[in-house]
Amino acid sequence: MLRLLAANCAREPRPGVFARPAAGLCYPGHRQIRQASDAPRNQPPSSEFVARPVGVCSMMRLPVQTYPEGLDAAFIGVPLDTGTSNRPGARFGPRRIREESVMLRTVNPSTGALPFQSLMVADLGDVNVNLYNLQDSCRRIQEAYEKIVAAGCIPLTLGGDHTITYPILQAMAKKHGPVGLLHVDAHTDTADKALGEKLYHGTPFRRCVEEGLLDCKRVVQIGIRGSSMTLDPYRYNRSQGFRVVLAEDCWMKSLVPLMGEVRQQMGGKPIYISFDIDALDPAYAPGTGTPEIAGLTPSQALEIIRGCQGLNVVGCDLVEVSPPYDLSGNTALLAANLLFEMLCALPKVTTV
């Protein structure tokens with residue numbers, strides 16, 4: 001049985017990769033999780049009947065489940081920031097995103113998506129990472145996600161710094177082979193090493209290329225910007241076949257046409273979405289570790305994610321939310337909304 005640590009769990013975890021979540025409080029709007037295909041699906045409780053501050057702190061106040069079997073999709077936290085190069089705090093991101101997710105509702109009227117009528121969804125809690133050992137944390141993450149993916153459950157991850165995407169993609173490639181990647185970020189995250197280390201939040205996608213985890217002709221990076229140490233900082237990416245879309249090429253325009261091109265490029269093969277919150281301008285999302293000015297707007301972020309509807313999305317993550325730098329909570333609120341949009345864009349979600 002997959003064992004994951006539930007958000008806000010105060011128990012001492014047992015040795016091993018996972019820890020069991022605390023039992024949640026039952027209240028109206030939560031149904032018992034069943035494995036039968038014709039069983040009622042989980043529904044987040046409506047604020048018309050259950051006050052938003054009431055209940056266990058799970059994503060959208062969904063039931064917390066300790067195993068992925070029977071789920072079509074699940075939210076998972078990876079509270080790790082050991083790979084951060086400057087401002088820490090992303091280890092608290094999953095908890096804060098869950099807190100802000102109480103504002104979310106069950107239907108997306110803009111896209112017509114009905115995710116909770118289409119999929120069985122739950123919160124699988126947090127991977128029990130090792131904050132003192134980045135290599136060991138990556139091993140734990142990979143093992144956890146191998147079990148999630150093997151069960152046929154699509155993971156939607158609450159980060160955590162961007163290092164976590166590397167072991168997640170190791171698990172993805174083990175099932176699907178090399179996957180396409182839609183990477184939304186201020187940074188390419190394809191550095192080779194820093195301070196002599198080859199594993200931190202600036203290197204995950206170079207490690208993925210080296211291990212053959214990516215279908216490099218189907219990798220698109222959007223929102224890239226910022227100062228650099230060289231005049232051609234994107235040479236490596238483009239030499240691998242990546243499409244790099246700079247932030248300045250997105251200024252003052254809709255990204256709907258771009259996403260039409262992305263859909264054509266991705267085709268029907270598996271694709272993974274990795275969204276770093278610092279892709280957004282820090283005016284909208286200040287609570288992150290490596291902010292860069294002149295970024296994307298929230299409306300452009302929605303256009304990107306909604307533009308993935310119809311693609312074979314096999315997993316998603318939202319990373320680099322750092323609550324200590326997010327005094328208003330707006331960054332975490334944005335993150336929660338973007339994760340909901342990712343859920344709405346998954347295959348098999350009914351739209352009307």
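Summary of the structure given here. All values derive from a computational prediction rather than experimental measurement. (Residues numbered from 1 in each chain as written. Predicted model: local features only at pLDDT ≥ 70, side-chain atom pairs only at ≥ 80, totals over all residues. Heavy atoms only, no water.)

Turning our attention to the pattern of salt bridges. One pass over the structure, following the stated rule, counts 16 salt bridges. Residue R96 pairs with E99 through a salt bridge whose shortest N-O separation is 3.1 Å. Of the two residues, R96 and E99 are both situated in helix α1 (residues 93-100); the distance of three residues between them amounts to about one turn of the helix. Between E341 and R306 there is a salt bridge whose closest N-O contact spans 2.9 Å. Pair noted here: E341 is in helix α9 (residues 330-344) and R306 is in helix α8 (residues 298-306), with a separation of 35 residues, a long-range link. Assessed through its relative accessible area of 7%, E341 is described here as buried. Of the residues examined, R306 reaches a relative accessible area of 27% and is grouped as partly exposed. Shared partners join several salt bridges into a network, and the residues in it are D136, R139, R140 and E143. (Salt bridge = Lys/Arg side-chain N within 4 Å of Asp/Glu carboxyl O. Helix = DSSP H or I, 4+ residues; strand = E, 2+ residues; numbered from the N terminus. Buried < 20%, exposed > 50% of the residue type's maximum accessible area, 1.4 Å probe, protein only.)

Running from N to C, α1 and α9 cross one another at 75°; their axes reach a closest spacing of 8 Å. The pairing of α1 with α9 is recorded here as roughly perpendicular in orientation. Contacts between α1 and α9 pair R96, I97 and E100 from the former with A332, L333, A335, A336 and L339 from the latter. Among the residues forming the contact of α1 with α9, the class breakdown is six nonpolar, no polar and two charged. (Axes fitted to C-alpha atoms, helices over the stretch in contact; angles between N-to-C directions. Parallel < 35°, antiparallel > 145°, perpendicular 65-115°, else oblique. Contact = heavy atoms within 4.5 Å. Nonpolar A, V, L, I, M, F, W, Y, C, P; charged D, E, K, R; others polar.)

Moving on to α1. Of the residues making up α1, those classed as buried are G93, P94, I97, R98 and E100. Taken down its axis, α1 places every buried residue within 165° of arc, on the same side. Each element contacted by the buried residues of α1 is listed here: β1 (73-78), β3 (121-126), β4 (154-159), β9 (312-319) and α9. (Arc of directions from axis to C-beta.)

Let's shift gears to the pairing of β4. Within a regular beta strand, the side chains point alternately toward one face of the sheet and then the other, so they alternate between its two faces. Most of β4 sits inside the fold, with six of its six residues counted as buried. Neither face of β4 is left uncovered, since the one carrying I154, L156 and L158 and the one carrying P155, T157 and G159 both have all their residues buried. Summarising the sheet, β4 and β9 pair through three bridges and their orientation is parallel. Its bridge partner being in β9, L158 is matched across the sheet by L318. (Pairing = 2+ DSSP bridges.)

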